[in-house]
Amino acid sequence: MVINRSWHEQVALFEPLCFAQSGDTILLLEDAVLAMQSPITLASFLAKCQANQISVAALLDDCRLRGIDNKYPQIDLVDYTGYVDLVIAHDKQVAW
Amino acid sequence: MVINRSWHEQVALFEPLCFAQSGDTILLLEDAVLAMQSPITLASFLAKCQANQISVAALLDDCRLRGIDNKYPQIDLVDYTGYVDLVIAHDKQVAW
Amino acid sequence: MNVNILVTGALYSSQSAYSALRFCQAAVAAGHSISQVFFYQDGVTQANLYSLPLDDEFDAVNSWVRFSQQTSTPLVVCVSAGERRGLMSDEQVLEHHLGRNAAIDSNGSAHSQFSVAGLGVLHQASLDSERMVTFK
Amino acid sequence: MNVNILVTGALYSSQSAYSALRFCQAAVAAGHSISQVFFYQDGVTQANLYSLPLDDEFDAVNSWVRFSQQTSTPLVVCVSAGERRGLMSDEQVLEHHLGRNAAIDSNGSAHSQFSVAGLGVLHQASLDSERMVTFK
Amino acid sequence: MSAKKYLYVITKAPYSNAAGIEALDAILIGASFELDVSVLFLHNGVFQLKDNQDIGVKDSSLPNVKQFTKTYKALEDFGVNQLYVQDQSLDARGLSESDLIVPAKLIDSQSIKVLVSEHDQVFTF
Amino acid sequence: MSAKKYLYVITKAPYSNAAGIEALDAILIGASFELDVSVLFLHNGVFQLKDNQDIGVKDSSLPNVKQFTKTYKALEDFGVNQLYVQDQSLDARGLSESDLIVPAKLIDSQSIKVLVSEHDQVFTF
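This one's a predicted model, so the numbers in the text were calculated from it and none came from an experiment. Positions within a chain are numbered from 1, following the residues in the order the chain's sequence is written. As a convention, the first chain written is A and the first ligand written is 1, with the rest following in written order. The predicted origin of the model limits local features to residues at a pLDDT of at least 70 and limits the giving and counting of side-chain atom pairs to 80 or more, whereas totals for whole chains, interfaces and linings rest on all residues. Think of the side-chain values as coming from all heavy atoms in the structure, minus any hydrogens and water.

Considering the overall build of chain A
Looking only at helices and strands, chain A features three helices and five strands. For chain A, the N- to C-terminal ordering of α and β elements is β-β-α-β-α-β-α-β. About 3,400 Å² of surface is accessible on chain A, with carbon and sulfur atoms providing 51% of the total. In DSSP terms, a helix is any run of H or I states spanning at least four residues, a strand is any run of E spanning at least two, and both are numbered starting from the N terminus. The protein chains shown are the only cover counted for residues, whose accessible areas, like all others here, come from Shrake-Rupley with a 1.4 Å probe.

Here it is, written out as structure tokens:
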């Protein structure tokens, strides 16, 4: 499962967690990558994902567009081809 | 000044407070009236408004549409005519 | 008083059309006048000639048209926001050769009760009016 | 694999057109096929024939048209969401007598590369495809 | 072969947008395909089912709102029996089961994960 | 009579929507009216000014994004000298003044109240 969501308030990042389970990937897309600039909230979010065996990825092109660097080793950066691979690897996607 | 905003996450209610000052009115409009159903967050919001001499009103028609009762004596319910009166009474409006 | 209205929310994904119309009707009923309604950003979608809601749904475009006819209130669509989102007058369609059949094309996508103008018209109205209210 | 695409975000107030197009191009480049792109809710605005961005801006409508022509991918606008928001085929405009001049009106507001169909087409495609991806 | 299972998730409140109306359109089509259809109300989506919604007196001189949320009560007639509401979404909004216009199954976050895994497609509104 | 003062407030991040592009259109028109124009970047609006935005190599086979945020650097040439950024918005997003593509005045919430009261009109994007 791939969950993507535009991130507006920091609390929004935790919302898709009610869908995600072990083996799923949460993909940060569009404005969702802005969360990677925030040092506080993402640490607890990533810890919760790790505890539930949920992978986290972010779309490289959307990071570059917004000038966002990835300082988190737990987050995989993927391009659109990697996004396609994620969709193929999971049986369904939940858009957020 | 009248500030109106559609309310999505509870934190959003506090955002317009950075604009409002003594004598201003914050008008809850459209989805913003949903906040009146939440017992927790609104108490601290109303206290902060009161401390800064900011009035809070809500649009009656939008409350009725959504089945929301007003349990707060600090919130004035106004209809569209009251909304017009608020606009006339304040020299400018900030839409949120 | 003279009130200038700015509408920036879309048809259907915002309540702005309904809220703004109710506000305008209440203002006129209270003896105020609406100097103009300016549609900017996604608000330009409220001028779409082809919008056809179900019979029992709120019809924003025709409600604006009726309000404008009854009160002689100018409705103005921002030219740049409108061109981006495909809201054009007959003249613009001809000018940009966008019709499928140039010989028979005289039909814009904006209702003819709406005029199309630049952001200068919004700014001038805001200078000339006593109040400005925005609906998002 | 066969991927069914659902697009629900508006032109300009969402990035969905850009994201979906980049995804579709990458999928085709990787040897997958897009069974169809279905436009629902505000996504129907991406079919607007009259959308005319500035020269250096991203042109969603024509990018979809080019992608569809190059890959023979069907583009489908939801009929009910389209009628609400004023996106119609030539046939719908004639049927609903919405043109200003019935005698010369043959022009819908949806680009002719997009077909107009019901939500059944979305559901059938989701049953026939191996994957479905939504862009909001 | 058993029917495919489709889950429709509604996360937005009514009247400020068309998400509920257009979710209902999709749900009814799903049911007409004889799919096994479930609907989950999440976050502000729980306000779709709030009772006492009052659109006011019909007045032809005013723009009229359509009270489309009545249709949720008719879903059962179209073969949609599985309506779910996240308990936490209700709690956080000061709502309880007795505020809802139609009976729905209260469900916690852990059960939502199971629900999603059991369904073949998930549409979010 | 002194020029009227107009404040344009940008609260959204770039690229996911046209708020920045259409705010700039309005700001340039305001400046052409010889108004006293100020711009305030608030909440995610501070990302409009973030440095190192990279739209990638122009490739005619791909949809191309326009890097419209460069225009913020040119505002001075149009007589717009007052750019404000809320300090708290920067802090909450892990940004500092050195991340911005154009010099802007850092301003706290108390000063925003003063700013608003000093201006004749406020447009929010």
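More follows now that the structure is in view.
A closer look at the packing of aromatic side chains
Side-chain rings of Phe, Tyr and Trp, where Trp is taken by its six-membered ring, are said to pair if the distance between their centres is within 6.5 Å; with planes under 30 degrees apart they count as stacked, over 60 as edge-to-face, and otherwise as tilted. By the definition in use, this model includes 29 aromatic pairs over all chains. Here Tyr40(D) and Phe125(E) contribute two aromatic rings whose centre-to-centre distance is 6.3 Å and whose plane-to-plane angle is 90°, an arrangement assigned as edge-to-face. Taken as a pair, Tyr40(D) in the loop between strand S2 (33-39) and helix H2 (60-71) and Phe125(E) in the segment after strand S5 (121-124) lie in two separate chains rather than in one. Among the aromatic residues, ring-to-ring pairing joins Phe39(C), Trp64(C), Phe67(C) and Phe114(C) into one connected group.

Concerning the relation of the copies chain C and chain D
In superposing the copies, a least-squares fit is computed on C-alpha atoms, taking residues whose pLDDT is at least 70 in both. Overlay of chain C on chain D (RMSD 0.0 Å): rotation 180°, translation along the axis 0.0 Å. Such a combination of rotation and displacement between the chain copies is what one expects of a two-fold axis. Residue contacts follow a heavy-atom distance rule, with two residues in contact if any of their heavy atoms lie within 4.5 Å. Here 100% of the contact residues of chain C are again contact residues in chain D; the copies associate through an equivalent surface.

Some words on the side chain of Glu57(D)
Among the structural elements, Glu57(D) can be located in the loop between S2 and H2. Since its relative accessible area comes to 9%, Glu57(D) is described here as buried. Throughout this description, a polar contact denotes any pair of N or O atoms lying within 3.5 Å of each other; where both atoms belong to protein, one of them has to be capable of donating a hydrogen while the other can accept it, and for residues adjacent in sequence the pair is counted only when both atoms sit in side chains. Reaching out from Glu57(D), the side chain makes a polar contact with the side chain of Arg84(C) at a distance of 2.8 Å. Among all residues touching Glu57(D), those that are not within four sequence positions of it are Arg84(C), Tyr12(D), Ile21(F) and Lys66(F). Note on exposure labels: buried denotes an accessible area under 20% of the residue type's maximum, exposed denotes more than 50%, and partly exposed covers the range between, all computed with a 1.4 Å probe on protein chains only.

Some points on the interface of chain C and chain D
Put simply, an interface is often sized by how much accessible area is lost when its parts join up. With 33 residues of chain C at the contact, the number on the chain D side is 33 residues. As used here, buried area is the combined drop in accessible area, with a 1.4 Å probe, of two parts when they are placed together. For the pair chain C and chain D, the summed buried area comes to about 2,800 Å², and 50% of that belongs to carbon and sulfur atoms. Salt-bridge detection follows one rule: a side-chain nitrogen of Lys or Arg within 4 Å of a carboxyl oxygen of Asp or Glu. Between the two partners, chain C and chain D, sit two salt bridges. The partner of Arg84(D) in a salt bridge is Glu57(C), with the nearest N and O atoms 2.8 Å apart. Where chain C packs against chain D, one counts 12 residue pairs in polar contact (both at pLDDT 80 or more). Listing elements by their share of the side of chain C that touches chain D, those giving two or more residues are helix H3 (79-85) and helix H4 (90-95) of chain C. Per-class residue counts for the side of chain C that touches chain D are 12 nonpolar, 13 polar and eight charged. Following the grouping adopted for this structure description, the nonpolar residues are Ala, Val, Leu, Ile, Met, Phe, Trp, Tyr, Cys and Pro, the charged ones are Asp, Glu, Lys and Arg, and the polar ones are all others, Gly among them.

Regarding the side chain of Ser14(D)
Considering the arrangement of structural elements, one finds Ser14(D) in the loop between strand S1 (2-7) and helix H1 (16-29). Here Ser14(D) falls in the buried class, since its relative accessible area comes to 17%. Within the structure, Ser14(D) has its side chain in polar contact with the backbone oxygen of Ala10(D) (distance 2.8 Å). There is a polar contact of 2.8 Å between the side chain of Ser14(D) and the side chain of Ser16(D). Not counting chain neighbours up to four residues away, the residues in contact with Ser14(D) comprise Gly9(D), Lys136(D) and Ser16(F).

Quick look at the interface of chain F and chain A
Between chain F and chain A, the contact holds 17 residues from the first and 13 residues from the second. Summed over both sides, the interface between chain F and chain A buries roughly 1,200 Å², with carbon and sulfur atoms accounting for 54% of that surface. By the criterion of area lost to chain A, the three top residues of chain F are Asn44(F), Phe47(F) and Asp54(F), representing 32% of everything that side buries. Applying the counting criterion to the chain F and chain A interface returns zero salt bridges. The interface formed by chain F and chain A includes five residue pairs in polar contact (both at pLDDT 80 or more).

Topic: helix H1 (residues 16-29) of chain C
By this rule, a helix spans an expected 1.5 Å times one less than how many residues it contains. For H1(C), with 14 residues, the first-to-last C-alpha span of 20 Å sits near the 20 Å given by 1.5 Å per residue. When we look at burial in H1(C), the residues that qualify are Ser16(C), Ala17(C), Tyr18(C), Ser19(C), Ala20(C), Leu21(C), Arg22(C), Phe23(C), Cys24(C), Gln25(C), Ala26(C) and Ala27(C). Taken together, the buried residues of H1(C) touch helix H2 (60-65) and helix H3 (80-89) of chain B together with strand S1 (2-7), strand S2 (33-39), helix H2 (60-71) and strand S5 (131-135) of chain C.

Fair warning: the whole summary comes from geometry, so function is off the table for now.
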